[in-house]
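Breakdown of the fold
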Amino acid sequence: MQPELKQQELLSLYETMVLIRRSEERLSRLFGDGEIPGFLHLSIGQEAVPVGICAELQAADTVASTHRGHGHALAKGVDLRGFFAEILGREEGLCRGRGGSIHVADLRVGMLGANGIVGGGLSLALGSALAHQVRRSGGVSVAFFGDGAMAEGLLHECLNLASLWKLPLVFACENNGWSEFSPLSKQFAARLGTLGPAFSIPAELVDGSDVEAVRAAACRIIALARGGDGPQILECKTFRWRGHYEGDPQKYRDAGDLADARSRDPLVVSGAKLEAMGIGADRLRALERAVEARIEEAVAAARLGREPEYAAAAADVYTQASGGAHG
Amino acid sequence: MPLQPPMYIPRHQGARMAETRYGMAINRALADAMQADASVILFGEDVAAPGGPFAVTRGLLAKFGPERVRDTPISEAAIVGAAVGAALGGLKPVVEIMFMDFMTLAMDALVNQAAKAHFMFGGQCSVPMVVRTPHGGGLNAGPQHSQCLEAWFAHVPGLKVVVPSNPADAYALLRTAIADPDPVVFVENKTLYSLKGELADAPQPVAIGCARVAQDGSDATVVAYGATVASALKAAASLAAEGIAVEVIDLRSIQPWDECAVLASVSKTRRLIVAHEAVTAFGVGAEIAARVSELAFGELAAPVLRVGADFMPIPFARSLERDCLPGEADITAAVRRSLSWKPNARIKP
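Residues numbered from 1 in each chain as written. Chains lettered and ligands numbered in written order. Predicted model: local features only at pLDDT ≥ 70, side-chain atom pairs only at ≥ 80, totals over all residues.

Notes on the domain arrangement of chain B
Residue and element names in this part refer to chain B. What the domain assignment lists for chain B is domain 1 (20–200) and domain 2 (212–340). On a C-alpha basis, the centres of domain 1 and domain 2 stand 26 Å from each other. Of all the elements, helix α5 (residues 150–154) adds the most residues to the side of domain 1 that touches domain 2, at four residues. Of the residues belonging to the side of domain 1 that touches domain 2, the class tally is 13 nonpolar, nine polar and three charged. (Domains from an automatic or database assignment. Helix = DSSP H or I, 4+ residues; strand = E, 2+ residues; numbered from the N terminus. Nonpolar A, V, L, I, M, F, W, Y, C, P; charged D, E, K, R; others polar.)

Re the interface of chain A and chain B
Residue-level contacts link 43 residues of chain A with 47 residues of chain B. Residue assignment for the side of chain A that touches chain B shows that the elements contributing at least two residues are α5 (120–134) and α6 (153–164) of chain A. Counting residues per element, the side of chain A that touches chain B draws most heavily on α5 of chain A, which supplies eleven residues. Considering only residue class, the side of chain A that touches chain B consists of 19 nonpolar, 19 polar and five charged. (Contact = placed C-beta atoms within 7 Å.)

Some words on the sheet that holds strand β4 (residues 92–96) of chain B
Residues and elements named next belong to chain B. Spatially, β3-β2-β4-β5-β7-β6-β12 is the arrangement adopted by the seven strands of the open sheet, whose pairing is mixed. The open sheet has two edge strands with one neighbour each: β3 (69–71) and β12 (253–255). Pairs of neighbouring strands in the sheet enclose a mean axial angle of 20 degrees, with direction left out of account. Taken together, the three bridges between β4 and strand β5 (residues 130–135) define a ladder with parallel strand orientation. From the neighbouring strand, Val-94 faces β5, where its bridge partner is Val-130. Sitting on the sheet, helix α3 (residues 76–88) touches β2 (40–44), β4 and β5, and the angle it makes with β4 is about 170 degrees. (Pairing = 2+ DSSP bridges. Axes fitted to C-alpha atoms, helices over the stretch in contact; angles between N-to-C directions.)

Rendered as structure tokens:
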């Protein structure tokens, strides 16, 4: 690749990572100020994974996400205003304020939803891959899941079925080492790298803090899945900077672990590469300021949004109301 | 399996009706739906090459090929979850869960994913899928292969639940369920698979939520669904010999259920018995009794009575299972209790 092209490409990846980072930092402040009800799970520190993978996806490709799904949504290209409006519980939100942070979805861009159930997105991605296969859409489906989902039986069912049917499905594991409040060592006796081959699925491990490494691996793997080679596993070693949820005191975690997490900041890793390519710090700052302005604009619009309409929600339990009494 | 295989009955040229078994009516509905719409696909345990554990899907693999008719591993959670994802991806999957008892393994996919996606995503999408599953006892299949769990699903906003009682309804409701944009749990009583009934060459559609008056009557109303409709009709026939005219309503669908049809009948007969094979406690009968009491208390000449299975796991031994499940005699007795009820009298539990 030409150096200029490589530089442009990395800059674009960097920008999306900044979008996720700044959006989540903004969400954290909004949550702290009481503007966001419910729970909030942040993926700060993990941005390189969704950005590296989604950079290799096309518009018709689909992703199923997790409870820590803001990065997947933004990397897949959901509407930023609709994203903030949803998390602030507004009618203008992507889900009209009915889902919130843990259910952000935008089917228009192939984002099949964050998911409140650990591992819940796996079988949705499996079915989406089946639809790609049956409809010969040429599309692939990506199941994002955390290491916490490795202990869910559904993962093992999905690995097996995807392999038997040679589905165009990428199992993208964000291994941040923490299953909610417990370390991976107490959660999972095997390793994904050996589990994959048990189901005849190739498994690759990648540095999930290096967006270029993630993208390069995703490029190979997605091409295989798209080309009919069946499902693939991409395990991304990454770090969760924040608690399981915002407000989690993280008493289960020592200072060294947190320092380790911060030592591999995807923005620093890519920022250093960009600077080595001759992109000055001032240009990166300008890029960040532009992203921050977009976010502030989305937040301001969301704050002006309407309360969701109760009657519309009540009338929308079904797509097609059937005659008779529901309840 | 102890059931007889479905019998193919040739239809005469130009004949409007033919006698068809319940299982075969479902088979024909699946075939016709797949013929009419290429997005309809079928998968489940042993539904393709083996033709289904109750032979309901026999011949569909040969007709529609291995891409659209698929055997799955024994992975109920992945089967139903994949159906949700496939429905979001533009297909209309019809999946089979071999026994309703095994729906326990697929609850997340159905309850948390399928039922909620349309609402939770703000109406962005629909989840057009059908889960076919057999329920019910009568085969001495024991506690884990005999349950009627339909009330669980009727309790979940976003799901529709239908329970046809005869071949014609099985055909028509399955076609409606497949065409419906929402997730439908399609419940087939195992003892009905070999039941014969008339099925038109060009069957009329039946809407979900629309009950059927199976027997006219003016003295008491028995509301039933699925295999219990036949028991109610037998009870009505035996009571008719004594001059008691029982109206039998076949609900056909329990989520939603046809409140208007039930209220219309109650306003005529003023007595209501709800009968089903599922355990009585916290069941469909409880919901209907409560609603009718709320809406039509003044119309009632007697309390609403319920007939259902006793509150125990469905036992294996013939005698135990027989005594646990409700039958014609229980419905007859309930009608008599309703008719003999007097104001200020206490009905013995």
